[in-house]
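Secondary and tertiary structure notes
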Amino acid sequence: MINVALFVCGVLSLILSASPFFWNFRQRNLSATIFVIYVIVANITIIIQASLYGGPDVSKYWEGKGLCDIIGRLPYVCGIGIICSLASMSRTLARILSKNITLSVTVAQKRRELIVELLICVGFPLLNLATFYIYQPYRYVLLQYSGCIVIFDYTWASFWLYTFWRPFFPLVSAIYSAITIYRYFQRRRQFREVLRSSQSGLTVARFARLLFFCITVMFVELPLAIVSFVADVQPGIHAFNFSKTHANWNTIPRIAASAPRKDFFYFTAVSLLLFIYFGFGVDARNMYHDWLIALGFPKLFPNSKWLAKHDTNSASTGTQSIHSTVTSGACESRPTRFDTWETMHDIELGSEFGEKFGNVDANSAFVIGGVQNADDARSESSTLADGLEQQFLDKAVKIKYEIRIEK
């Protein structure tokens, strides 16, 4: 008999987690991608549990040896993995705004950072999994409405190997988030340049989305972890005795309960937060657009203007055209070439400030959309090209404004 509530929540969570996974994977956000993988694995486990152990009579549950040895541990490992990945994300964001960041990131530095992220996000949860056996009194237990779970003997071994880390990593995430906010206010005028020099591939919007997601999850996770920590240690922690702990190892208790474990619904809440933060942005909408095109929806809806719109970079006879999406109802745009000799010579070769201006992202400096007049263009270009001499900035504004086509 299926536990309908758990099954529906698990399936819904998988659907909500799909686009955040692909979004973070495409943006190469390693810690965030691993975070979503933990959520997906936990929800798959919950779906299996709800399908096999949803009935009210726990005495008739399948014993599940082999399968339960795996799926009984996964929710705990995924829970640890989520808070480790959260701390790693917060650490990465703080590091991007570090004062010690250099303009050029070497291959060795990238490799070292990758190893550190993997150790935090994957290494520690696997180490935690490997130590479960030390303080488990049973292989697993069968809990009514929830299925296979593992329980711990509350000794000093379980305290230092598991319980202590539950509030530790959310606290680390809170500290790194505070450092990130502090560094942002310190360097807010050079914020775009800092993001560029970090070679992280993050824009201002993407950085803000990751930061606010970390802060939101941290504010949810930290109080829950503290409450859980207090509840675990309040009855007392007794001395560890390996033989005594494992005296009934091969016994599989069947425990009655009035409802499924509440922490199973935690993963559904996290999936919802993932979709709220990563499922509605411009990048996500463009991704949905690409999916619909790949599935052949433009043929089914040939009159759909949204499906017909597509940002492309087309090349013809050695020249490149840049197409932009209209962001204002008062304006529209057409392909505009920036590789003519006059433009490129003035901007990149003919000006002594060309090298400095070359550090400004062309897609940011020459945004062909949302600019209503020359004053708006000047204001936007002043922000992006801060530090350029006025005569050169005027040239950039002129080029930017003249490509607009007013209706």
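Just so we're clear, the structure is a prediction, and the values are computed from it rather than from any experiment.

**Things to note about the sheet that holds strand E2 (residues 147-149)**
Here 3 strands make up an open sheet; going across it, the order is E2-E1-E3 and the pairing mixed. Of all strands in the sheet, those bounded by a partner on one side alone are E2 and strand E3 (254-255). Relative to E2, strand E1 (residues 141-143) runs antiparallel, the two being bridged by 3 bridges. Note on E2: the bridge partner recorded for Leu 143 is Gly 147.

**Observations concerning the pattern of salt bridges**
Any two side chains of opposite charge can pair if their charged atoms end up close together. Counted by the stated rule, this structure contains 8 salt bridges. A single salt-bridge network, built from bridges that share partners, covers Asp 69, Arg 73 and Arg 139.

**Some thoughts on the environment of Asp 232**
Considering the arrangement of structural elements, one finds Asp 232 in helix H10 (residues 204-233). Note: C-alpha distance between Asp 232 and Tyr 154 (78 residues apart in sequence) is 7.5 Å. Contact partners of Asp 232, with chain neighbours within four places excluded, come to Tyr 154 and Thr 163. Engagement of the side chain of Asp 232 in a polar contact is seen with the side chain of Tyr 154, the distance being 3.2 Å.

**Some words on the state of the cysteines**
A full pass over the atoms with the stated rule returns 1 disulfide. Residue Cys 68 pairs covalently with Cys 148 via a disulfide, S to S 1.8 Å. Of the two residues, Cys 68 is situated in helix H3 (residues 67-71) and Cys 148 in strand E2; the sequence distance between them amounts to 80 residues. Each of the two residues, Cys 68 as well as Cys 148, counts as buried. Here Cys 84 stays unpaired: no disulfide links it, and the sulfur of Cys 121, its closest cysteine neighbor, is 7.4 Å away.

**Considerations on the side chain of Thr 33**
Here Thr 33 lies in helix H2 (residues 30-52). On the accessibility criterion, Thr 33 (8% relative accessible area) is buried. At 3.5 Å, the side chain of Thr 33 and the backbone nitrogen of Phe 25 are in polar contact. In contact with Thr 33, other than residues within four places in its own chain, are Phe 21, Asn 24 and Phe 25.

**A look at unusual backbone geometry**
For Arg 28, which is not glycine, the phi dihedral falls at a positive 60°. One can find Arg 28 in the loop between helix H1 (4-26) and H2. Judged by relative accessible area, which is 76%, Arg 28 ranks as exposed. Its identity as a non-glycine residue notwithstanding, Tyr 145 has a phi of 70°, on the positive side. Position of Tyr 145 among the secondary structure elements: in the loop between E1 and E2.

**With respect to the nonpolar core**
In terms of nonpolar packing, the biggest core is built from 68 residues, with Phe 35, Met 89, Leu 142, Phe 207, Phe 213 and Leu 274 touching the most fellow members. At 12 residues, helix H4 (residues 74-96) tops the list of elements feeding residues into this core. Ignoring anything within four residues of it in the chain, the contact list for Phe 35 reads Ile 82, Ser 85, Leu 86, Met 89, Phe 213, Val 217, Val 270 and Leu 274.

**Observations concerning helix H13 (residues 282-294)**
Given a rise of 1.5 Å per residue, 13 residues ought to cover 18 Å, and the 18 Å separating the end C-alpha atoms of H13 matches this to within 8%. Taken as a whole, H13 has its buried residues at Ala 284, Met 287 and His 289. Phi for Gly 296, located one or two positions after H13, is positive at around 85°.

**Examining the packing of H4 against H10**
Contact geometry of H4 with H10 gives a least axis separation of 10 Å together with a crossing angle of 140°. Of the possible angle classes, the one that applies to H4 and H10 is oblique. Seen along the crossing, H4 lies across H10 with a hand that is left-handed. Counting all contacts with H4, which are made through Ile 83, Leu 86, Met 89, Ser 90, Leu 93 and Ile 96, the residues of H10 involved are Phe 207, Leu 210, Leu 211, Phe 213, Cys 214, Val 217, Met 218 and Glu 221. Of the residues assigned to the contact of H4 with H10, the class counts are 12 nonpolar, 1 polar and 1 charged.

**Points about a nonpolar patch on the surface**
Among the surface-exposed residues, Ile 44, Ile 48, Leu 52 and Trp 62 lie close enough to one another that they form a single nonpolar patch of about 360 Å² accessible area. Counting through the fold element by element, Leu 52 comes out in helix H2. For Leu 52, a relative accessible area of 40% puts it in the partly exposed group.

How each quantity is defined
- Residues numbered from 1 in each chain as written.
- Predicted model: local features only at pLDDT ≥ 70, side-chain atom pairs only at ≥ 80, totals over all residues.
- Heavy atoms only, no water.
- Pairing = 2+ DSSP bridges.
- Helix = DSSP H or I, 4+ residues; strand = E, 2+ residues; numbered from the N terminus.
- Salt bridge = Lys/Arg side-chain N within 4 Å of Asp/Glu carboxyl O.
- Contact = heavy atoms within 4.5 Å.
- Polar contact = N/O pair within 3.5 Å; in protein donor to acceptor, adjacent residues only side chain to side chain.
- Disulfide = S-S within 2.5 Å.
- Buried < 20%, exposed > 50% of the residue type's maximum accessible area, 1.4 Å probe, protein only.
- Core = buried A, V, L, I, M, F, W, Y, C linked by side-chain atoms within 4.5 Å.
- Expected span 1.5 Å × (residues − 1).
- Axes fitted to C-alpha atoms, helices over the stretch in contact; angles between N-to-C directions.
- Parallel < 35°, antiparallel > 145°, perpendicular 65-115°, else oblique.
- Left-handed = near helix turned anticlockwise from the far one by under 90°.
- Nonpolar A, V, L, I, M, F, W, Y, C, P; charged D, E, K, R; others polar.
- Patch = residues over 30% accessible without salt bridge, like charges linked within 9 Å, V, L, I, M, F, W, Y side chains within 5 Å.
- Areas by Shrake-Rupley, 256 points an atom, 1.4 Å probe, with all protein chains shown as cover.

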